[in-house]
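Here is how the chains run, residue by residue.
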Amino acid sequence: MPLRCGIVGLPNVGKSTLFNALSGAGAAAANYPFCTIDPNRGVVPVPDERLDRLFATNSSARAIPTTIEFVDIAGLVAGASRGEGLGNAFLGHIRQVDAIVHVVRCFQSEDITHVAGKVDPERDIEIINTELLLKDLDTAERVTEKWQKAAKGGDVAAASQAALGARLMTHLAEGKAARRLADLTREEQRSVDEMFLLTRRPVLYLANVGESDLPEGNEWAEQVRNIANSEQAECLILSAEFEAQLADLDEAEKTAFLESEGLSSGGLQRLIHAAYRLLNLITFFTHGPKESRAWTVVTGTCAPQAGGQIHSDFERGFIRAETIHVDDFVRVGSEAAARNAGIMRSEGKEYVVQDGDVILFRFNV
């Protein structure tokens with residue numbers, strides 16, 4: 001399954017324009033609220049020059065990058081947690097994503113109306129965050145009531161869960177996101193995760209500025225950056241208008257256009273890197289005559305579990321992982337040369353996969 005990022009925000013902040021530019025999926029984008037009703041989805045390859053170099057060195061038949069899925073969720077409004085603006089349906093889509101990309105309007109335009117009348121990032125962020133919190137509070141209350149009833153019936157485990165639920169509700173009522181609830185045991189983390197709370201999802205704030213405000217942003221973007229810092233969240237300055245223009249250019253034109261704005265890469269690449277940092281993800285590679293391929297795992301994943309991403313047999317019958325960093329592989333030119341040079345390592349079940357590892361899994365079932 002690809003990494004899935006849900007793009008959220010108020011109506012008319014540039015979500016669908018951004019989605020179109022990043023994914024090339026051609027979602028509808030227009031200057032009126034709720035243009036997007038059903039979520040648009042676009043799966044795009046993750047650019048990685050290391051895979052390109054591995055592919056060129058290894059002479060595989062094809063290169064297969066890992067992917068990221070963007071889900072363009074309709075604009076939320078105040079009252080969404082009570083069903084305003086089809087809010088219940090829209091909020092439900094957020095439960096299905098791994099991370100939230102919260103697009104905040106940081107540009108002025110007479111042609112694109114703002115649902116609240118004027119640009120105010122702090123207010124806009126508070127509206128979205130409040131609706132997510134209210135929905136989570138409702139969910140936590142309903143689940144906690146079930147735990148309390150079970151506890152009255154003598155269920156010891158439910159009594160512990162009921163105490164957790166009460167603590168969670170107090171936390172949410174104070175305006176704090178569920179992801180910031182600290183000091184949870186592994187069992188408590190599992191109980192909270194099973195609620196599929198919206199504010200449990202990590203957030204990347206995306207300040208959508210006008211093209212003239214690239215690359216550093218403006219005073220509105222600085223407000224977004226400060227809020228992200230206070231929440232220990234990621235923040236990215238990007239222009240959906242600029243990305244839409246960039247998407248229509250060939251590679252040479254893109255390079256020149258980016259340089260003209262003082263940027264070294266496009267928004268897609270910067271957004272993906274930020275999402276990987278947010279979710280603590282790394283990339284490892286496999287190679288062979290048929291394909292060179294990139295795979296994504298969470299930092300700290302051991303070799304058998306990484307192999308399980310490819311096929312369950314790799315994890316079930318794991319013997320060892322023959323490993324070399326992609327830079328070393330490219331430098332020596334082949335697997336045989338790596339073995340001769342003594343830089344191909346044989347790692348066991350406890351080996352923690354590192355970003356950039358090229359791995360050959362040995363298994364037997």
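Here the structure is shown first, and the text comes after it.
Just so we're clear, the structure is a prediction, and the values are computed from it rather than from any experiment.

Draft legend 1. Main features of the nonpolar core. Counting 56 residues, the largest nonpolar core has Phe70, Ile94 and Tyr205 as its most contacted members. Among the nonpolar cores identified, the runner-up in size contains 15 residues, and Leu168, Met169, Leu172 and Leu181 belong to it.

Draft legend 2. Molecular detail of the pairing of strand E8 (residues 281-287). Within E8, seven of the seven residues are buried, leaving the element largely enclosed by the surrounding structure. Alternating positions in E8 separate into two faces, Leu281, Thr283, Phe285 and His287 on one and Ile282, Phe284 and Thr286 on the other, with burial throughout. Inspection of the sheet shows E8 paired to strand E9 (residues 291-298) by seven bridges, in the antiparallel sense. Across the sheet, the residue bridging to His287 is Ser292, located in E9. In this antiparallel pair of consecutive strands, E8 and E9, the connection spans three residues.

Draft legend 3. Region of the structure containing the side chain of Glu211. Along the polypeptide, Glu211 turns up in the loop between strand E6 (203-209) and helix H7 (219-230). For the buried Glu211, no salt bridge exists, and the shortest N-O distance to an oppositely charged side chain is 12 Å, to Arg270. Discounting residues that sit within four places of it in the chain, Glu211 has contacts with Ser239, Glu241, Phe242, Gln245, Phe257 and Glu261.

Scoring rules and cut-offs
- Residues numbered from 1 in each chain as written.
- Predicted model: local features only at pLDDT ≥ 70, side-chain atom pairs only at ≥ 80, totals over all residues.
- Heavy atoms only, no water.
- Core = buried A, V, L, I, M, F, W, Y, C linked by side-chain atoms within 4.5 Å.
- Buried < 20%, exposed > 50% of the residue type's maximum accessible area, 1.4 Å probe, protein only.
- Helix = DSSP H or I, 4+ residues; strand = E, 2+ residues; numbered from the N terminus.
- Pairing = 2+ DSSP bridges.
- Lys, Arg positive; Asp, Glu negative; His and termini not counted.
- Salt bridge = Lys/Arg side-chain N within 4 Å of Asp/Glu carboxyl O.
- Contact = heavy atoms within 4.5 Å.

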